[in-house]
Amino acid sequence: MAASAFTRTRSCTMGGLGAPRALLASLAGLMLACGGQDAPDAASLDAQALDMASLDTASLETASLDARSADKTLLDAAPQSLLGGWPWPGNKTPAVALALEVENGVGTPLRVQEGATFFINQIDIRSFVTATRDEGLRNIIAQSDFGGLGWWGVRQVDQESVGAPGPYTRRRYYRGAAWMDLPSHFIVEPVDSRGRLTGVPILLNAGTEHQRRAGLDDFFIRRFRGIQTANGCATPDDCSASTSFEEEAILELRNAYEHAQRQTLTLRSDTRKLRLRWSLRPAAPYEIPVEQVVDGRYTYGFRIGVEALTPPRPDGTYAPGTEISFQLTLRDGAGNRLHEKGYLPPYNLVAPDGTDSGLQYYRAFPFFDATATYYRRKHRERMLMTQIIGPAQNIQPIRSIVALEAFLDPEVDEQVVATPERDGVFSQFATLPFANVLFGGAFVDPNLWNQPNTDTWQFKLPDNAVPGTYLVTVKGRRVYLGEDIPATTTLEIQVGTKQRTLPKHTTGPCTSCHSKGGELGVVLHANDNRAACAGCHAPLAFELEGPIFVRTHFIHSRSNRFDAPLHQCSSCHLTKESIQRTSKAACLSCHKSYPDSHVAQFGPIESMYVGGGAESFQQCTGACHTRHPGSGL
């Protein structure tokens, strides 16, 4: 008896993937009953199966042998010869982290290095529609490629407005739709110009919203969202006169676990597309055009170098009050420069899509792509930034707010964000290009975006700098031929003493969850030195949720995949004292409400991140909140 269409399809797409993943694939039919695409008729299924089975047994065996041969060649070769010295750990395959993107049903074309081997590290799928009336998500459900999915149960869970003193932009965030909560997986198929397979597909498990299973999920970060944006609102809450709305459905998968990194694709020369099948709409795959190029100028990988141009004193230390010049160098994995020494290109030559070398600048709100902590594409912000903070033994969260005016002052390139007298620690930061160019070009003089920039800057130590180790950090992101990765580097300098001093962390260990591909040295800014965070993460007047304690509370309290009870502070906090510095920002970055007595005394909750405005960082009275019920401390 001839094999059925289902059997032929399964043997073509699932061969060699193993029983657990084959079982996942069988769930696709169940997804149809929960709001997926209409089931095709038998003739359509047969046609689709024949299309997928267009590689006969011999060609599949050849492809499999070619793949195994290619894998062996890659594994036998030295990493330096493969990726120009990119420091791959011994237990990881030397493959490139590939980022896939789909917008309004259309795959964003990929240009990749010919002959490279890839694993899928990122999948971004976004659909949006515009409207002139406030209709929630009604239009995105009715008109987009997400419309055929199950939207039952969707509800608004958070709201935030930006744009003070107005007009305001209000964003509402939605969760709970069936398609957001159901198990989900993807199949990535390399195909030629006629849609025929050119290699073995790979299956990726997106897991579920309410459970993180490190051994089975393929991505550390999983965020499925609905978002409505209202522009031109009179107040943070009053958008009744607005006629400009955008409704979005967003799917974000990032940071492949180690076991998912071992599922690799080596593209044959005749590969023209990647076909991306989603289990919730299996009959309507996305197609991502692929162009393979030979670029001898650069390799994959990203390194950031930073050096002090101002020499220290003979004993290797810097004196308090010294102004120190620093210079960065951005390189690929082989050490090739991504920019000329002493020069960074004009903003207009980089944003919004970067340079041929992969160089990136800040591109988020209000420029090109609005981001929102936890809820919307924060990884696409792509800020190139530097900080100094110290001494290490005094490092702590910074609660002093950096005013917008500090970003626009043409005389100030590096902002002082913390002083020893006010904050107990010293810190400065600078965006690159400088903030007065980035924000000045947006709000003051557009020509600033056409001027060349520098790769050097100066940090001035305070005259009363406390002796110890000071940390100088640079973080950035490179997007090059399909690879979208962050990097961070930190340089230690000694101020007033040769004795190295260390930070005193009051939280940890993050590795309880952040492991096997989700390490802090891989996700976010790829920075595993938590002491080197607080300087850049000061509260900004236009982004009060900057401090790490705010973001950590907010993200983990909203992630249904966090493994411990939220009230159990001891999951992260190490001491009772570390949970007693209470404020609106500390409490309402996790809690969504507080008692009516607090509303009467301190005002209503106005920010989902910090509770209110600038007052949110003020210490609450020491007579209250001396313990947290169920904290474990």
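Let us look at the structure shown here. (Residues numbered from 1 in each chain as written. Predicted model: local features only at pLDDT ≥ 70, side-chain atom pairs only at ≥ 80, totals over all residues. Heavy atoms only, no water.)

## What about unusual backbone geometry?
Alright, step 1. Residue Pro165 is reached from Ala164 by a cis peptide bond, and omega for that bond is 10°.
Alright, step 2. Here Pro165 is to be found in the loop between β5 (155-162) and β6 (168-175).
Alright, step 3. Cis geometry is adopted by the peptide bond preceding Pro509, which originates at Gly508 and carries an omega value of -10°.
Alright, step 4. Mapped onto the elements of the fold, Pro509 is located in the loop between β21 (483-495) and α14 (548-558).
Alright, step 5. One non-glycine residue, Asn104, lies in positive phi territory at about 50°.
Alright, step 6. Its location among the elements puts Asn104 in the loop between β1 (96-103) and β2 (106-107).
Alright, step 7. Of note in this structure, Tyr374 is not a glycine but carries a positive phi near 70°.
Alright, step 8. Structurally, Tyr374 is set in the loop between α10 (347-350) and β16 (385-390).
Alright, step 9. Here Tyr374 falls in the buried class, since its relative accessible area comes to 6%. (Helix = DSSP H or I, 4+ residues; strand = E, 2+ residues; numbered from the N terminus. Buried < 20%, exposed > 50% of the residue type's maximum accessible area, 1.4 Å probe, protein only.)

## A closer look at the pattern of salt bridges
Alright, step 1. One pass over the structure, following the stated rule, counts 35 salt bridges.
Alright, step 2. Close ionic contact of Arg111 with Glu291 constitutes a salt bridge, the shortest N to O distance being 3.5 Å. In this pair, Arg111 sits in strand β3 (residues 110-113) while Glu291 sits in strand β13 (residues 286-293), placing the two residues 180 residues apart along the sequence.
Alright, step 3. Under the relative-accessibility criterion, Glu291 is labelled partly exposed at 43%.
Alright, step 4. A salt bridge links Asp484 to Arg382; the shortest N-O distance between them is 2.9 Å. With Asp484 in strand β21 and Arg382 in the loop between α10 and β16, this residue pair connects regions lying 102 residues apart in the sequence.
Alright, step 5. Accessibility expressed as a relative area gives 4% for Asp484, which makes it buried. (Salt bridge = Lys/Arg side-chain N within 4 Å of Asp/Glu carboxyl O.)

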